[in-house]
Amino acid sequence: MLKDLDYYMSLPYRLEIIPDTEEGGYAARYPELKGCVTCSDTIEGLWANVLDAKRAWLEAAIDEGIEIAEPLFLKMA
């Protein structure tokens, strides 16, 4: 099976959302996609940002030939 951007975008990667209690807003990261992080002043803005960050991270990894981990629970099934 050819694993392209659409394939990886469809996978249910774990997303961690971290409220910034000091300055307000939110940060988010995909732990299985090392270095894929983003932030926003609002939770609504964060949702759009996480999808953009995930897409950009995956595109860069595919372009550079970097191995992309799949969600951990898929490996356990």
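For every chain, the first residue of its written sequence is number 1, and the numbers climb from 1 along that sequence. This being a predicted model, a pLDDT of at least 70 is required before a residue's local features are given, and a value of 80 or more before pairs of side-chain atoms are given or counted; all residues contribute to the totals for chains, interfaces and linings. By convention in this description, side-chain values take in all heavy atoms of the structure and omit both hydrogens and water.

Notes on the overall build of the protein
Point 1. Runs of E in the DSSP output that reach at least two residues are strands. Runs of H or I that reach at least four are helices, and both are numbered from the N terminus. Along its length, the protein carries three helices and three strands.
Point 2. Across its three principal directions, the C-alpha atoms of the protein cover 45 × 30 × 20 Å.
Point 3. The proportion of buried residues among the 77 residues of the protein is 31%.
Point 4. Contact definition: two residues touch when any of their heavy atoms are within 4.5 Å. A separation threshold of at least 6 residues defines the contact pool for the protein, and within that pool the share at least 24 residues apart is 39%.
Point 5. On the protein, roughly 5,400 Å² of surface is accessible, and the fraction owed to carbon and sulfur atoms is 55%.
Point 6. The charge count treats Lys and Arg as positive and Asp and Glu as negative. His and the chain ends do not count. The location of each charge is read from NZ of Lys, CZ of Arg, CG of Asp or CD of Glu. Taking the average place of the 7 positive charges on the side chains of the protein and the average place of its 15 negative ones, the gap between the two points comes to 9 Å. Relative accessible area decides the class of each residue, using a 1.4 Å probe on protein chains only: under 20% of the type maximum gives buried, over 50% gives exposed, and in between gives partly exposed. Only the protein chains shown count as covering a residue, and every accessible area follows the Shrake-Rupley method with a 1.4 Å probe.

What about the sheet that holds strand β1 (residues 16-19)?
Point 1. Paired strands, in this sense, are two strands between which DSSP finds at least two bridges. If you trace the three strands from one edge of the open sheet to the other, you get β1-β2-β3, paired in antiparallel fashion. Each having just a single partner strand, β1 and β3 (37-40) make up the two edges of the open sheet. When strand polarity is set aside, the average angle formed by the axes of neighbouring strands in this sheet is 20°.
Point 2. Sitting on the sheet, helix α2 (residues 43-64) is in contact with β1, β2 (26-29) and β3, with an inclination near 155° to β3. In this analysis an axis means a line fitted to C-alpha atoms, helices contributing only their contacting stretch, and an angle means the value between N-to-C directions, from 0 to 180 degrees.

Concerning the side chain of Glu 70
Point 1. Counting through the fold element by element, Glu 70 comes out in the loop between α2 and α3 (72-76).
Point 2. Judged by its relative accessible area of 17%, Glu 70 is buried.
Point 3. Only 2.8 Å separates the side chain of Glu 70 from the side chain of Lys 3, close enough to count as a polar contact.
Point 4. Side-chain atoms alone can form a polar contact between residues adjacent in sequence; in general such a contact is a pair of N or O atoms within 3.5 Å, and within protein one must be able to donate a hydrogen while the other accepts it. Among the polar contacts listed, one links the side chain of Glu 70 to the side chain of Tyr 7, at a separation of 3.0 Å.

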